[in-house]
Amino acid sequence: MPLALLALAVCVTHAVPRRQHQHMKVTPIKPATIDPVTFAKRLVSMQAGWPRSRNFDCSKLKCVALTFDDGPGEHTWRLLDLLRSRDVRATFFVIGQMVAADKGGHTVRRIVDDGHEIGNHSWSHPPLAELPPHRVKQELRHTEHIVRQLTGVRMRVMRPPYGSTDEQVAAETRREGLAQILWNLDTLDWRDRVTETVAKRASHAKPGSIVLLHDIHRTTVDAMPKVLDTLARRGFTFVTVSELYGRTPSPGKMYTER
Ligand SMILES: [Zn+2]
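Rules of the game
- Residues numbered from 1 in each chain as written.
- Predicted model: local features only at pLDDT ≥ 70, side-chain atom pairs only at ≥ 80, totals over all residues.
- Heavy atoms only, no water.
- Helix = DSSP H or I, 4+ residues; strand = E, 2+ residues; numbered from the N terminus.
- Buried < 20%, exposed > 50% of the residue type's maximum accessible area, 1.4 Å probe, protein only.
- Contact = heavy atoms within 4.5 Å.
- Areas by Shrake-Rupley, 256 points an atom, 1.4 Å probe, with all protein chains shown as cover.
- Phe/Tyr/Trp six-rings, centres within 6.5 Å; stacked < 30°, edge-to-face > 60°.
- Lys NZ or Arg CZ within 6 Å of the ring centre and 35° of its normal.
- Donors = N, O, S within 2.8 Å, 3.2 Å for Na, K, Ca; no water.
- Core = buried A, V, L, I, M, F, W, Y, C linked by side-chain atoms within 4.5 Å.
- Axes fitted to C-alpha atoms, helices over the stretch in contact; angles between N-to-C directions.
- Parallel < 35°, antiparallel > 145°, perpendicular 65-115°, else oblique.
- Left-handed = near helix turned anticlockwise from the far one by under 90°.
- Nonpolar A, V, L, I, M, F, W, Y, C, P; charged D, E, K, R; others polar.

A. Region of the structure containing the overall build of the protein. A count of helical and extended segments in the protein gives 11 helices and nine strands. A buried classification covers 47% of the 258 residues belonging to the protein. For the protein, long-range pairs separated by at least 24 residues make up 76% of all intrachain contacts whose partners lie at least 6 apart in sequence. As presented, the protein carries roughly 13700 Å² of accessible surface, and 56% of it is formed by carbon and sulfur atoms.

This is the structure:
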């Protein structure tokens, strides 16, 4: 029972005659419905500044930010297993409709619990530069709302679908507190569904690269062990987008690499 309520209860017990006291309604505290470990992680993820930066200095290290768009999908969980087994963090630009279709939001919650960065990729994946400003706002806000409801996380980065952006989109993202994250390495994994090809292209990352991938394709997730092996062998550290810059990127501003 909260202290204030306890004090009130004690006070009332002393001050009110017994008859009236029996008519007081006390709302019972509901028992917890989730396990304590999950709840504790949820609380941590609700803190300001999440995801916590691991303080990599990407001006000195060879850093690469792997980014996965358009999920969560049916292969995302397998990708998360792989990333966790290698202690690799990435950034997931999720589509609101996909989050809504993910029953109970268990995949987005795991993305957050595993320490990855989560970004806004609109609600329904339209080219934002072709929409009037109020529709851009809707697209961003609906996704913001559902992700916040499920994870407690306030997203700080977004990726415009198809890279479609202009002055108006920039202004809207600034108002919504979101930095625009583009990329400088396109694996074209959405077009060429060939594991070897995706692995080869992603392995061409340079220090400071932001690599565009899509976790909704089986071939992309299949390519990841090889990508991680090759880049790790070349001395790369895998970081989230915010870690790549060493701070939360500025709202409205556009980033393509470090
Ligand atoms: Zn996309």
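After that view, the rundown keeps rolling.
B. Focus on the packing of aromatic side chains. Tallied over the full model, the rule gives two aromatic pairs. Cation over ring: Lys62 sits above Phe236, and NZ or CZ is 4.9 Å from the ring centre. Between Arg110 and the ring centre of Trp77, over which it is positioned, the NZ or CZ distance is 4.7 Å.

C. Structural view of the coordination of the zinc ion. For the zinc ion, the full set of protein donor atoms is Asp70 (OD), His121 (NE2) and His125 (NE2), and the range of their distances to it is 2.1 Å. Each donor residue of the zinc ion belongs to the same chain, and together they define the spacing D-x50-H-x3-H.

D. Here's a closer look at the nonpolar core. Core analysis: the biggest nonpolar cluster contains 43 residues, and Leu66, Phe92, Ile118 and Met224 have the highest contact counts within it. When contributions to this core are tallied by element, the ones reaching two or more residues are strand 1 (63-69), helix 4 (76-85), strand 2 (91-94), helix 6 (106-113), helix 7 (133-151), helix 9 (195-202), strand 7 (209-214) and helix 10 (218-233). Of all the elements, helix 10 adds the most residues to this core, at six residues. With sequence-adjacent residues up to four places away left out, Phe92 is seen in contact with Phe68, Thr76, Leu79, Leu80, Leu83, Ile111, His116, Glu117, Ile118, Gly119 and Asp215. Within the second largest apolar cluster, 13 residues are counted, among which are Cys63, Phe93, Val157 and Val239.

E. Quick look at the packing of helix 7 against helix 8 (residues 167-175). It is at 10 Å that the axes of helix 7 and helix 8 come closest, and there the two elements cross at 45°. Taken together, the axes of helix 7 and helix 8 lie oblique to each other. Considering how the two elements wind past one another, helix 7 and helix 8 form a crossing that is right-handed. Side by side, helix 7 and helix 8 meet where Pro133, Val136, Lys137 and Leu140 of the first sit next to Gln168, Glu172, Thr173 and Arg175 of the second. Among the residues forming the contact of helix 7 with helix 8, the class breakdown is three nonpolar, two polar and three charged.

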